[in-house]
Amino acid sequence: MEEFHKVRRLPPYVFEQVNRLKASARAGGADIIDLGMGNPDLPTPKAIVDKLCEVVQDPRTHRYSSSKGIPGLRRAQAAYYARRFGVKLNPDTQVVATLGSKEGFANMAQAITAPGDVILCPNPTYPIHAFGFLMAGGVIRSIPVEPDENFFAPLERAVRHSIPKPLALILNYPSNPTAFVATLDFYKDVIAFAKKHDIIVLSDLAYSEIYFDGEPPPSVLQVPGAIDVTVEFTSMSKTFSMPGWRMGFAVGNERLIAALTRVKSYLDYGAFTPIQVAATHALNGDGSDIAEVRNVYKRRRDVMVESFGKAGFEVPPPAATMFAWAKIPEKFRHLGSLEFSKLLVEKADVAVAPGVGFGEMGDDYVRLALVENEHRIRQAARSIKKFLSTADETMHNVISLNAHR
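Predicted model only: the values in this text are computed from it and were never measured. (Residues numbered from 1 in each chain as written. Predicted model: local features only at pLDDT ≥ 70, side-chain atom pairs only at ≥ 80, totals over all residues. Heavy atoms only, no water.)

A. Focus on the packing of helix H3 (residues 46-56) against helix H10 (residues 273-283). Between H3 and H10, the least distance of the axes is 8 Å, while the angle of their chain directions is 145°. In this structure, H3 crosses over H10, and the sense of that crossing is right-handed. Judged by residue contacts, Ala47, Ile48, Lys51, Leu52, Val55 and Val56 of H3 engage Pro274, Ile275, Val277, Ala278, His281 and Ala282 from H10. Across the contact of H3 with H10, the residue classes tally to 10 nonpolar, 1 polar and 1 charged. (Axes fitted to C-alpha atoms, helices over the stretch in contact; angles between N-to-C directions. Helix = DSSP H or I, 4+ residues; strand = E, 2+ residues; numbered from the N terminus. Left-handed = near helix turned anticlockwise from the far one by under 90°. Contact = heavy atoms within 4.5 Å. Nonpolar A, V, L, I, M, F, W, Y, C, P; charged D, E, K, R; others polar.)

Now the structure itself:
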């Protein structure tokens, strides 16, 4: 049978090919070190779990919850923005709780997109940034991801040559997968551009608290007047090691938040109330849990950069996020990121995320997640070193040395 229209618009899920190889290898007894999935392995802090256990005993919390988030949770998120960024938000009209930032992004796309609307989207980037709008009938125009002097020329060309004019610009800093970090001066230029051309800014700030060097990453909402055109998405998944809890937020422009809230009201009743209460407790905490998570990822980053470098696989140290973005070694680059990722599973028992899964501009790279402990990261480096040193003898068993993209 012919595939449905919206399903046809979605490309094959690249990561699934690596996942199948990974599952097959494990079924055969292999010990796969999985650096591919961005799935935090750290436990949720005990105080947050204890609050959940306490609240879940009250049968009144077992009823339907609030789609936009219980009032205390929205107040806690507004208070976090005030403390961390100096940004004042009205918790009633400028904050909505989401089932993770991914759901928030997808439903914002449903709320604001008409068929054929043009969206300016970084390439490479986290897949939902593009696919959420593709499923909503939008058209993606790729732009650079690095926040430097070359960022704005493609945006100006897009405004001149896109019909219709672009509806929205997507930002993601610190970036998944590239780990680029933006400055407040960069955000000022973005907001000036957006206001000049009447473009919505959608900022994914999921990694605001996972940073290692220098100043904490800013929020675009710190720019005066940014709230006129901007909505920003955050997540508790990485900050508090709560990925399975599915708790995030969208904050910013009242009109856009109202549109997202209305769409969500037709689709869900919000997260389970005890989860929302526990999330409130986390946001109102003293920040020590966040600092410990940050320190764990920093130690892992340092071990990965050092051990992989000694193995012959150079990994630039990311300034933020729980990922490293590494160029494929030169002798393997012609294979592309998917085939190289398959080789690492089959020959080194190490899983990574192929860069092409984040956009065609990522095909010379792989993403390495800091989701294994330091011992396992060193073990992965040793396995990769052995593979790299013997590749000339072993690669012919997997793929032709003359393969081309």
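B. Here's a closer look at empty space enclosed by the protein. This model, assessed by the stated rule, comprises 3 cavities of 30 Å³ or more. Roughly 90 Å³ of internal volume is contained in the largest cavity. Lining the largest cavity are Gln77, Tyr80, Ser208, Glu209, Thr234, Ser235, Met236, Thr239, Phe240, Phe249 and Leu283. Listing elements by their share of the lining of the largest cavity, those giving two or more residues are helix H4 (71-85) and strand S7 (230-235). Considering only enclosed or pocket space, the second largest cavity measures out at about 50 Å³ in volume. Every residue along the wall of the second largest cavity is listed here: Phe15, Val18, Asn19, Lys22, Asp34, Gly36, Met37, Ala351, Val352, Ala353 and Pro354. Of all elements in the fold, only helix H2 (14-27) and strand S11 (353-354) reach the threshold of two or more residues within the lining of the second largest cavity. At 4 residues, the largest contribution of residues to the lining of the second largest cavity is made by H2. (1 Å grid on protein atoms, 1.4 Å probe; cavity = no way out; pocket = protein on both sides within 12 Å on 5 of 7 lines; lining within 4 Å. Points joined across faces, edges and corners; volume = space filled by probe spheres on them.)

C. Structural detail: the sheet that holds strand S9 (residues 323-327). Here we have 3 strands laid out as an open sheet, ordered S9-S12-S11, and antiparallel in their pairing. Of all the strands in the sheet, the pair left with one neighbour each is S9 and S11. Pairing of S11 with strand S12 (residues 365-369), which is carried by 2 bridges, proceeds in the antiparallel orientation. The partner of Ala353 across the bridge, within S12, is Arg367. (Pairing = 2+ DSSP bridges.)

D. Main features of the packing of helix H7 (residues 152-161) against helix H8 (residues 184-197). At a closest axis distance of 12 Å, the pairing of H7 and H8 adopts a crossing angle of 10°. Classed by the angle they form, the pair H7 and H8 counts as roughly parallel. Seen from H7, the contacting residues are Phe152, Leu155, Glu156 and Val159; seen from H8, they are Phe186, Asp189, Val190, Phe193, Lys196 and His197. Of the residues in the contact of H7 with H8, the class split is 6 nonpolar, 1 polar and 3 charged. (Parallel < 35°, antiparallel > 145°, perpendicular 65-115°, else oblique.)

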